[in-house]
Amino acid sequence: MEALATISKQGKQINGLFRLMETPLLWYEAYANIYANKGAITPGVDATPLDGFSEKRVTAIITRLKEGKYRFRPVRRTYVPKANGKKRPLGISSGDDKLVQEVVRSILEQIYEPIFEESSHGFRPGRSPHPALETIKLEWTAMKWLIDRDLRSYFDTSPAFVWERSANVPAPSLTKAEHGCCESLSSTTS
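Residues numbered from 1 in each chain as written. Predicted model: local features only at pLDDT ≥ 70, side-chain atom pairs only at ≥ 80, totals over all residues. Heavy atoms only, no water.

A. Highlighting helix 5 (residues 95-112). With 18 residues, helix 5 should reach 26 Å at 1.5 Å per residue; the first-to-last C-alpha distance of 25 Å fits that figure. Within helix 5, 13 of the 18 residues are buried, which leaves it mostly tucked inside the rest of the structure. (Helix = DSSP H or I, 4+ residues; strand = E, 2+ residues; numbered from the N terminus. Expected span 1.5 Å × (residues − 1). Buried < 20%, exposed > 50% of the residue type's maximum accessible area, 1.4 Å probe, protein only.)

In structure tokens form, the structure reads like this:
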């Protein structure tokens, strides 16, 4: 996995990403990452919690992925109260889907994190809006105004997700996982 960062920095094409998903260690790390977030162990639509993690479960998921038989389940929809009294929709994936998503996230992070601009703050490890705001305060001195737009319900109303691929990751690499994930995100249940 560490080699991915080096290859990515060199701008070389990265192949065999789907084969990396066959590495059991990635699944154990994924489980540890998810389990550390207590909210993430909430059962999804199939009521299967993340508990019960085992080598047998990992092997079964990997086998279904390799055979092209893995299907993401619909996401269970729930609503979380916001400070302003409104509610924010939250999609809760099944335990197996969370594992697959976390393994894919960890692989893609190894590729893209080293080549992101230092000024990029969104959804990155160890980053938050606070340093982004501090950067704006210190560096955007000529700015007179800033427009803040809330794309309300964008992912609820968008008919499809657009997956943009980097030039150094060939299209077939994670296609099965991407396709299944898109299907589950576009078919949420209440």
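B. Looking closely at the confidence of the model for the chain. With 76% of its residues at a pLDDT of 70 or more, the chain has an overall mean of 78. Under a pLDDT of 50 for its full length, residues 158-167 has, in the predicted model, 10 contacts with residues more than four places off or in other chains. (pLDDT = per-residue confidence, 0-100. Contact = heavy atoms within 4.5 Å.)

C. Molecular detail of the packing of helix 3 (residues 24-35) against helix 5. Following both chains from N to C, one finds helix 3 and helix 5 inclined at 105°, their axes separated by 9 Å at the closest point. Taken together, the axis directions place helix 3 and helix 5 in an arrangement best described as roughly perpendicular. Contact residues: helix 3 offers Leu-26, Trp-27, Ala-30, Tyr-31, Asn-33 and Ile-34, while helix 5 offers Lys-98, Leu-99, Val-100, Glu-102, Val-103, Arg-105, Ser-106 and Ile-107. Residues belonging to the contact of helix 3 with helix 5 are distributed by class as follows: nine nonpolar, two polar and three charged. (Axes fitted to C-alpha atoms, helices over the stretch in contact; angles between N-to-C directions. Parallel < 35°, antiparallel > 145°, perpendicular 65-115°, else oblique. Nonpolar A, V, L, I, M, F, W, Y, C, P; charged D, E, K, R; others polar.)

D. Region of the structure containing the layout of surface pockets. Counted as a void, the second largest pocket has a volume near 200 Å³. As for the second largest pocket, its lining consists of Asn-37, Gly-39, Ala-40, Leu-90, Gly-91, Ile-92, Ser-93, Lys-98 and Gln-101. Every element with two or more residues in the lining of the second largest pocket is listed here: strand 2 (87-92) and helix 5. Top element by residues in the lining of the second largest pocket is strand 2. It accounts for three residues. Of the residues assigned to the lining of the second largest pocket, the class counts are three nonpolar, five polar and one charged. (1 Å grid on protein atoms, 1.4 Å probe; cavity = no way out; pocket = protein on both sides within 12 Å on 5 of 7 lines; lining within 4 Å. Points joined across faces, edges and corners; volume = space filled by probe spheres on them.)

E. Structural context of the pattern of salt bridges. With the rule as written, the count across this model stands at eight salt bridges. Note that Asp-96 and Arg-64 form a salt bridge whose closest N and O atoms lie 3.4 Å from each other. Taken together, the residues Asp-96 in helix 5 and Arg-64 in helix 4 (residues 55-66) connect sequence positions 32 residues apart. For the salt bridge of Glu-113 with Arg-124, the shortest nitrogen-to-oxygen distance reads 2.5 Å. On the criterion of sequence distance, the pair formed by Glu-113 in the loop between helix 5 and helix 6 (129-139) and Arg-124 in the loop between helix 5 and helix 6 is long-range, its members being 11 residues apart. Residue Glu-113 is classed as partly exposed on the basis of its relative accessible area, which comes to 22%. Judged by relative accessible area, which is 8%, Arg-124 ranks as buried. (Salt bridge = Lys/Arg side-chain N within 4 Å of Asp/Glu carboxyl O.)

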